[in-house]
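Per-entry structural report
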Amino acid sequence: MHQSAALITPILQGSGTGAAIYSQLLINGLSQRGFNWTVISEATESNPSEAIRNCTYHGIFPRRTGKHKQKVRDLWLYGLQNLAYLRIPEILERSKSQFVFVHSSFYNFPGIFPQVINTCLRGKCSNQKFLADVRDVLLTKQKAQHLDSYDLIIACSKNVQQRLISFNLSSHKIHYIPILQEPFSANFIASSNLLSTFNLNDTAYLLYVGMIKELKAVDLLLETFISYIYPINKSLKLVLAGYLKTNSKKVKEMLKAPGVVYVGNRSRQEVLQLLSKASLCINLSPNEALSRSSLESLAMRRPTLLPPNIPEFEHYCPEFVVRTRDPEVIAKRIMAALETKAIPNYPIEQHFPEFILKKYKELLC
């Protein structure tokens, strides 16, 4: 029997971001299990419903809002995005969806999104089940209170679950469903010209994938490499891939330092190619839920150093977690990891679609 669901997400296509990857895996996975989808997201160059089965797509948000920092333009586009929120109730009402998934990042920023969703919950969409899908640890206690009006709250990692419970939200609504991660094989990773473009084909390199900003400790990673690694190993590169989300002149200068290769934001296929050839994948961010890039490197069985404050990593492979903020100590950890080529023994299969999509179906049915 077919069921219907809607997803409100900031981004779906044309990006290697965690939000986009998660949305695509969820939609395609549940589509194969009898779900029809209505998706509300940003404008795209192509029609995503042509690539995603059982999907009606509404690209109502301005394209590329906030991805490359330009203050005046970004404020203007974010204002337009808030106006676009006013179209959500009508779209949801016409969709007649049984379930509405809402990406929690809409609550991380000021705007009228909470009021619009409350209108849906009290109005003609009140017969639809609303699910807040919390993908990060950035929600403040005050903003998280908006989620208590939802029917269900999905926490993508243990630290997210613990944080939501500490905010005194209704604990019976909070359900822990780990991040979806498909298994990889050598055949899955198609060839890419990216390595040749940046002269990385025969080069050992460290790899960071994610937003380029201080909140993700990218400044710490750059300082570690530039000050303590590159001076003793000039054949090693530090490759960074992701949206530039900082105005820091210091960070921008460090991105141009010898040995540092910033490749900008890349498609997921290009990111996977970078991962598959990396000597060591690393994420130092202290503000992560289960890190998408770390999960992908674990699924690919690559040497990996993991971010702190994630209970799953602390439980299964604590010796690979980098807790220190001392760049000299981090450099020693990196050099040791390059020498041993050890791979964390993390049970990545618990994130595979056959397990995770079953949890979603059980929750919805």
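All right, on to the overall build of the protein then. A tally of helices and strands in the protein yields 14 helices and 12 strands. Radius of gyration (C-alpha) of the protein: 21 Å, near the 21 Å computed for a compact globule of 365 residues. Each of the three principal axes of the protein carries a C-alpha extent, and together these read 65 × 45 × 40 Å. Here the analysis covers contacts within the protein between residues at least 6 apart in sequence; of these, 66% occur between residues at least 24 apart. Carbon and sulfur atoms form 51% of the exposed surface of the protein, whose accessible area is close to 16,200 Å². A gap of 3 Å separates the mean positions of the 43 positive and 28 negative side-chain charges of the protein.

Right, let's get into unusual backbone geometry. Located in the positive-phi region is K96, a residue other than glycine, with phi close to 55 degrees. With respect to the helices and strands, K96 occurs in the loop between α3 (88–95) and β4 (99–103). With a phi angle near 65 degrees, N168 is a residue other than glycine that sits in the positive phi range. Mapped onto the fold, N168 is located in the loop between α6 (158–166) and β7 (174–176). Overall, the relative accessible area of 59% leaves N168 in the exposed class.

Our focus in this paragraph is the pairing of strand β3 (residues 55–61). Put simply, side chains in a regular strand alternate between the two faces of the sheet. Summarising burial for β3: 5 of the 7 residues are buried, a large majority. In terms of strand pairing, strand β2 (residues 35–42) meets β3 through 6 bridges, oriented parallel. Following the sheet pairing, E42 is matched in β3 by F61.

The tally for this structure, following the rule as stated, stands at 1 cavity of 30 Å³ or more. Here the largest cavity defines a volume of roughly 50 Å³. As for the largest cavity, its lining consists of L207, Y208, V209, L275, C281, I282, N283, S293, S294, S297, T304 and L305. When contributions to the lining of the largest cavity are tallied by element, the ones reaching two or more residues are β8 (205–209), β11 (280–282), α11 (292–299) and β12 (304–305).

For the structure on display, the rule yields 7 salt bridges. Across the salt bridge formed by K216 and E288, the nearest N and O atoms sit 2.7 Å from each other. Separated by 72 residues along the polypeptide, K216 in the loop between β8 and α8 (218–229) and E288 in the loop between β11 and α11 bring together distant segments of the chain. For the pair K216 and E288, a shared accessibility class is recorded, and that class is buried. As a salt-bridge pair, E314 and R323 come within 2.9 Å of each other at their nearest N and O atoms. A single salt-bridge network, built from bridges that share partners, covers E182, R268 and E296.

Among the nonpolar cores identified, the biggest contains 69 residues, and I8, I88, L92, F113, F130, L147 and L274 are the most heavily contacted of them. Among the elements that make up this core, the one with the highest residue count is helix α4 (residues 113–122) (5 residues). In this view, L147 contacts Y107, A132, V134, L139, I153, L164 and L169; residues no more than four positions away in its chain are not counted.

The subject of this paragraph is the sheet that holds strand β10 (residues 260–262). Across the sheet, which stays open at both edges, the 5 strands sit in the order β10-β9-β8-β11-β12 with parallel pairing between neighbours. Each edge of the sheet is formed by a strand with only one pairing partner; in this case those strands are β10 and β12. Taken strand by strand, α8 contacts β8, β9 (237–241), β10 and β11, and its axis lies near 165 degrees from that of β9. Where helix α13 (residues 327–340) meets the sheet, its contacts fall on β8, β11 and β12, and the angle it forms with β11 comes to roughly 145 degrees.

Counted residue by residue, β2 has 7 buried out of 8 residues, so it is predominantly covered. Taken together, the 6 bridges between strand β1 (residues 3–8) and β2 define a ladder with parallel strand orientation. When the sheet's bridge partners are listed, L7 is paired in β2 with V39.

Next up on the list: a nonpolar patch on the surface. Side chains of W76, L80, L83, L86 and I112 sit close together on the surface and give an oily, nonpolar patch of about 510 Å² of accessible area. Looking at the element boundaries, I112 is found in the loop between β4 and α4.

The rules we used
- Residues numbered from 1 in each chain as written.
- Predicted model: local features only at pLDDT ≥ 70, side-chain atom pairs only at ≥ 80, totals over all residues.
- Heavy atoms only, no water.
- Helix = DSSP H or I, 4+ residues; strand = E, 2+ residues; numbered from the N terminus.
- Rg over C-alpha atoms; globule rule 2.2 N^0.38 Å.
- Contact = heavy atoms within 4.5 Å.
- Areas by Shrake-Rupley, 256 points an atom, 1.4 Å probe, with all protein chains shown as cover.
- Lys, Arg positive; Asp, Glu negative; His and termini not counted.
- Charge placed at Lys NZ, Arg CZ, Asp CG, Glu CD.
- Buried < 20%, exposed > 50% of the residue type's maximum accessible area, 1.4 Å probe, protein only.
- Pairing = 2+ DSSP bridges.
- 1 Å grid on protein atoms, 1.4 Å probe; cavity = no way out; pocket = protein on both sides within 12 Å on 5 of 7 lines; lining within 4 Å.
- Points joined across faces, edges and corners; volume = space filled by probe spheres on them.
- Salt bridge = Lys/Arg side-chain N within 4 Å of Asp/Glu carboxyl O.
- Core = buried A, V, L, I, M, F, W, Y, C linked by side-chain atoms within 4.5 Å.
- Axes fitted to C-alpha atoms, helices over the stretch in contact; angles between N-to-C directions.
- Patch = residues over 30% accessible without salt bridge, like charges linked within 9 Å, V, L, I, M, F, W, Y side chains within 5 Å.

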